[in-house]
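Next come the chains, spelled out residue by residue.
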Amino acid sequence: MANLKNTQHDSISKIRKLRKEEISVDRLIEGIKKSDKASLAKAITLVESANPEHLEKAEELIGKSLSIASRSVRIGITGVPGVGKSSFIEVLGKTLTDMGKKVAVLAVDPTSALSKGSILGDKTRMEELSKDPNAFIRPSPSGKSLGGVARKTRESIILCEASGYDVILVETVGVGQSEIAVHSMVDFFLLLKLSGAGDELQGIKRGIMEMADAIAINKADGNNIERAKLAQVEFSRALHLYPPKENGWVPKVLLCSAIENKGITELWEVIQNFCKSMKDNGYFETNRRLQNKNWFLQTVDEQIRSYFHQQKSFITAEEEMLKAIDSNQISPYHAARKLLDQFKNQLK
């Protein structure tokens, strides 16, 4: 028993020692170039870190990764909870790896309000794909980021591309504004829908329909096939009511079944046709450049917020304003203006 305790203590000590070891960006880059999954996982952990000491190394890591990043297809996949996103992604991922593709799945996990940890655990939900040597699955807690999109998803995409992954699948939580955030970082945006579940009317919302490059009616199997075909017709009609997309693409509506592995290959063909069409008309590169500009602007906003919240005087003033708001001494708008004016004067 004593020997077991000593062994456990030694193991814990080794783990703590490894955690405290100096992070080597060059070592991580070498591992990423060799498609080492452990190095890729460590690199993503580094860029996701909220520790200010890791920021500089994360920036260096992303800078070096950009120079070696391969050309991938970035696909955003969204849909309401229960639509079968994880099952669909697993089947799509396995289909692509069977074709010789390397697939990375960046699944944004809902964050527990109590423990702050991930709730769903995508590696358990995509058991077969997680065992595939040509697949990499990274569940990331959504934290406080807008719409449940992980704070560093864009950086994770770059790291996966540097590690040679051909297809990057970004799964959203499927609630709130997550669709908008993911749409701003992918090449192709796929909306998964259900038939016969009251989901048809929800799907005909202008915003989400306009963003979708394709709609896949999932679970089109068994007794649900006829209802799925009816939903396909309804969504196709709805899409024709919207003005043409800026890129000239006409969104497709397809039927699929993750359970029976039907319609998955056809969907991949649609994605390939989309990418070829966008590259031919120059929109693919235009969209990537626009996304990089948005990435820059969002990063500036994030770092400004981070800078102020690291200043003790700002934190103190913010707490005072919150107390004043709570006691109805000042309006939230006026409090915000007063707080920012105070610190703008300090920056002059």
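The structure under discussion appears in the preceding block.
Note that the structure is a prediction, hence the values are computed from the model and not measured. (Residues numbered from 1 in each chain as written. Predicted model: local features only at pLDDT ≥ 70, side-chain atom pairs only at ≥ 80, totals over all residues. Heavy atoms only, no water.)

Trainee: For the packing of helix H3 (residues 37–48) against helix H4 (residues 52–66), give the residues involved together with the corresponding values.
Mentor: Each pair of packed helices can be summarised by the angle the axes make with each other and by the distance between the axes. Interaxial distance between H3 and H4 falls to 8 Å at its minimum, and their mutual angle equals 130°. It follows from the interaxial angle that H3 and H4 lie oblique. Read as a crossing pair, H3 and H4 show a hand that is left-handed. Residue-level inspection shows Ala43, Leu46 and Val47 of H3 in contact with H4, the latter providing His54, Lys57, Ala58, Leu61 and Ile62. For the contact of H3 with H4, a count of residues per class yields six nonpolar, one polar and one charged. (Axes fitted to C-alpha atoms, helices over the stretch in contact; angles between N-to-C directions. Helix = DSSP H or I, 4+ residues; strand = E, 2+ residues; numbered from the N terminus. Parallel < 35°, antiparallel > 145°, perpendicular 65-115°, else oblique. Left-handed = near helix turned anticlockwise from the far one by under 90°. Contact = heavy atoms within 4.5 Å. Nonpolar A, V, L, I, M, F, W, Y, C, P; charged D, E, K, R; others polar.)

Trainee: Run through the packing of helix H5 (residues 85–98) against helix H13 (residues 264–280), naming residues and quoting values.
Mentor: One can describe the packing of H5 onto H13 by two numbers: an axis separation of 10 Å at closest approach and a directional angle of 75°. Relative to H13, the element H5 is oriented roughly perpendicular. For the pair formed by H5 and H13, the contact residues are Phe88, Val91, Leu92, Thr95 and Leu96 on the first element and Ile264, Thr265, Leu267 and Trp268 on the second. Its residues placed into classes, the contact of H5 with H13 shows seven nonpolar, two polar and no charged.

Trainee: Can you explain the packing of aromatic side chains? Please cite residues and give values.
Mentor: Given two aromatic rings, their pairing is described by the distance between the two centres and the angle made by the two planes. In this structure the tally under the stated criterion is seven aromatic pairs. For the pair Tyr307 and Phe308, a centre-to-centre distance of 5.5 Å together with 70° between the ring planes defines the contact as edge-to-face. The exposure class assigned to Tyr307 is partly exposed, which follows from its relative accessible area of 42%. Taken together, the ring pairs in this structure connect Tyr307, Phe308, Phe314 and Phe343 into an aromatic cluster. The residue whose ring lies beneath Lys102 is Tyr165, and the NZ or CZ to ring-centre distance is 4.4 Å. Lying over the aromatic face of Trp249, Lys252 brings its terminal NZ or CZ to 5.0 Å of the ring centre. (Phe/Tyr/Trp six-rings, centres within 6.5 Å; stacked < 30°, edge-to-face > 60°. Buried < 20%, exposed > 50% of the residue type's maximum accessible area, 1.4 Å probe, protein only. Lys NZ or Arg CZ within 6 Å of the ring centre and 35° of its normal.)

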